[in-house]
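Tertiary structure, described
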Amino acid sequence: MDKIDILRFIYTYTIKNINTIMKSILIVENNNSGLKVNESASSIKDKKFVLGGEFTRFGVKNRNERIYTAERFLPCLEELQDRMTTLGAVFGEFDHPDVFDLSMSKASHVIKSVQYVKESNVVNGSIQLLNTDWGKQAQSIVNDGFPLFVSSRAAGVTEANGEVSLKKLFTYDIVADPGFATAKMSPINESLGFTNQG
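What comes next is a walk through the structure. (Residues numbered from 1 in each chain as written. Predicted model: local features only at pLDDT ≥ 70, side-chain atom pairs only at ≥ 80, totals over all residues. Heavy atoms only, no water.)

**A few points about the layout of surface pockets**
What the largest pocket holds in volume is close to 180 Å³. Lining the largest pocket are R83, L87, A89, V90, F91, F100, D101, L102, R153, K168, F170 and T171. In terms of residue count, strand 8 (residues 164-175) provides more of the lining of the largest pocket than any other element does, three residues in total. For the lining of the largest pocket, a count of residues per class yields seven nonpolar, one polar and four charged. (1 Å grid on protein atoms, 1.4 Å probe; cavity = no way out; pocket = protein on both sides within 12 Å on 5 of 7 lines; lining within 4 Å. Points joined across faces, edges and corners; volume = space filled by probe spheres on them. Helix = DSSP H or I, 4+ residues; strand = E, 2+ residues; numbered from the N terminus. Nonpolar A, V, L, I, M, F, W, Y, C, P; charged D, E, K, R; others polar.)

What follows is the structure, given as structure tokens:
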């Protein structure tokens, strides 16, 4: 075999076996734009920590060298929204696990809303911190005046050019080191002394 034949063989083998070569892997994505707190309850007894902000930004390379596109992401976002409606709740964890499935023993929050904002080409959303051990850890960070950040937990493939093809969006987790600089959650209601932070 000469070089041309070898290259032809490698190319043919790769094309025929591309699905085997490009297996879905766990993709976790971070956004360092903090969540905003929505303290909408009228009394401390009913105090709810609701935080909101930008969850995902499309068409830009993030800190993890990945590029998400609305075209490839939105079908998975719609499936997540369907699960939120059907199940009544989709939970997230305090920090990313090494697996796809959610561990209820580590649940820290519930996703309250996620929506695509076409004009700014982002996914915005909100979460409510739970009164679980991990939810209380997140509440402590907010009470101490520091931001929380979110990151998507998904299965898919990152292509050579950095574009991500998602297969499934499982949830958004709270993380310390987000991939997107804009994934910082901030207060969205000031009734308990919290203010919106840019």
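**As for the packing of aromatic side chains**
To describe a pair of aromatic rings, you give the distance between the ring centres and the angle between the ring planes. Summed over the entire model, instances satisfying the criterion amount to six aromatic pairs. A ring pair is formed by F94 and W134, whose centres lie 5.6 Å apart and whose planes are at 25°; its orientation type is stacked. Of this pair, F94 sits in the loop between strand 4 (91-93) and strand 5 (107-117) while W134 sits in helix 4 (residues 133-143), and the two are 40 residues apart along the sequence. Here the aromatic cluster, defined as three or more aromatic residues joined through ring pairs, consists of F58, Y68, F73 and Y116. (Phe/Tyr/Trp six-rings, centres within 6.5 Å; stacked < 30°, edge-to-face > 60°.)

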